[in-house]
Amino acid sequence: MLSKKQWSSLGLIFLLATIVRFSGITFDSLWLDESYQSLVGAYGQGAPNLLNRGSQTFRFRFTQPAPLGQMLFHFRQVDPLCPPLYAVALNRWITFFGDSDLAIRSLSAVFSLLSLLVIFAIATSLFGAEIGLAVALVQSLSPFDVHYAQEARMYSLVVLTSAASCGSLIGLLFDDLT
């Protein structure tokens, strides 16, 4: 069980992580990988056929996100190699929070913040609260985690699911050993 001081420390670390992840999140507009794979996949509109456009200028315009069934139907046309979990989450996220750069990228920031809590919980259960807080502080300032928390791509979700999976495995192993 964490003491009041440790809860306060975790709160400050979480606040620091939130500030770092949201600071400058919209400094650059969406880049090609974000706007094509993430957004076209999440919106669920079929992939545009750019080969038959001739010399016409093409501008893809997003409408409302498609229902999940339609989104999953078109998803494999856009991104045949990635699993659709991030696109499904982004589809629902856009439905509730809109499609501004901040709204779209904030999903990754939220996943990053959740992974911070998962990693803290794992480290605390294995090594104690002091180590857990130190690990949380390092994770909150990790340049890689901050960078990917500010992209509309699946990388923060990968960190979150990997940490949760690792923590579950460790929990199962330690329960079997005791």
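Look above for the structure.
Residues numbered from 1 in each chain as written. Predicted model: local features only at pLDDT ≥ 70, side-chain atom pairs only at ≥ 80, totals over all residues. Heavy atoms only, no water.

Enquirer: Teacher, can you tell me more about the side chain of Asp145 here?
Expert: Examined against the element boundaries, Asp145 turns out to sit in helix 7 (residues 143–149). Exposure remark for Asp145: the relative accessible area of 6% places this residue in the buried category. For Asp145, the side chain forms a polar contact with the side chain of Arg21, separated by 2.6 Å. Apart from the residues within four sequence positions on either side, Asp145 is in contact with Arg21, Ser112, Ser115, Gln139 and Val159. (Helix = DSSP H or I, 4+ residues; strand = E, 2+ residues; numbered from the N terminus. Buried < 20%, exposed > 50% of the residue type's maximum accessible area, 1.4 Å probe, protein only. Polar contact = N/O pair within 3.5 Å; in protein donor to acceptor, adjacent residues only side chain to side chain. Contact = heavy atoms within 4.5 Å.)

Enquirer: In this structure, what is going on with the pattern of salt bridges? I would like to understand it.
Expert: Opposite charge on two side chains makes pairing possible when the charged atoms of those side chains draw close. Under the definition given, this model contains one salt bridge. Here Arg21 and Asp145 are joined by a salt bridge, their closest N and O atoms 2.6 Å apart. Of this pair, Arg21 sits in helix 1 (residues 4–22) while Asp145 sits in helix 7, and the two are 124 residues apart along the sequence. Residue Arg21 is classed as buried on the basis of its relative accessible area of 0%. (Salt bridge = Lys/Arg side-chain N within 4 Å of Asp/Glu carboxyl O.)

Enquirer: Explanation requested: the nonpolar core in the structure shown.
Expert: Counting residues in each nonpolar core, the largest one holds 13 residues, and the members touching the most others are Tyr86, Leu90, Ile94, Ile104, Leu107 and Phe111. Among the secondary structure elements, those contributing two or more residues to this core are helix 2 (32–43), helix 4 (85–97), helix 5 (101–127) and helix 8 (155–177). Counting ten residues, the second-largest nonpolar core is a separate cluster that includes Leu2, Ile13, Leu113 and Ala136. (Core = buried A, V, L, I, M, F, W, Y, C linked by side-chain atoms within 4.5 Å.)

Enquirer: How should I be thinking about the packing of aromatic side chains in this particular structure?
Expert: Any pair of aromatic rings gets described here by the distance separating the centres and the angle formed by the planes. Tallied over the entire structure, the rule returns three aromatic pairs. Note on Trp93 and Phe97: the rings are 4.4 Å apart at their centroids and 40° apart in plane angle, and the pair reads as tilted. With a gap of four residues between them, Trp93 and Phe97 both fall in helix 4, about one helical turn apart. Taking relative accessible area as the criterion, Trp93 reaches 18% and is therefore assigned buried. (Phe/Tyr/Trp six-rings, centres within 6.5 Å; stacked < 30°, edge-to-face > 60°.)

Enquirer: Would you mind going over the packing of helix 1 against helix 6 (residues 129–141) with me for this structure?
Expert: Between two packed helices, both the angle of their axes relative to each other and the distance between the axes serve to describe the pair. Their axes nearest at 9 Å, the elements helix 1 and helix 6 cross at an angle of 10°. Between helix 1 and helix 6, the crossing angle belongs to the class labelled roughly parallel. Across from Gln6, Ser9, Leu10, Ile13, Leu16, Ala17, Val20 and Arg21 in helix 1, the residues of helix 6 making contact are Ala129, Glu130, Leu133, Ala136, Leu137, Gln139, Ser140 and Leu141. Residue composition of the contact of helix 1 with helix 6, by class: ten nonpolar, four polar and two charged. (Axes fitted to C-alpha atoms, helices over the stretch in contact; angles between N-to-C directions. Parallel < 35°, antiparallel > 145°, perpendicular 65-115°, else oblique. Nonpolar A, V, L, I, M, F, W, Y, C, P; charged D, E, K, R; others polar.)

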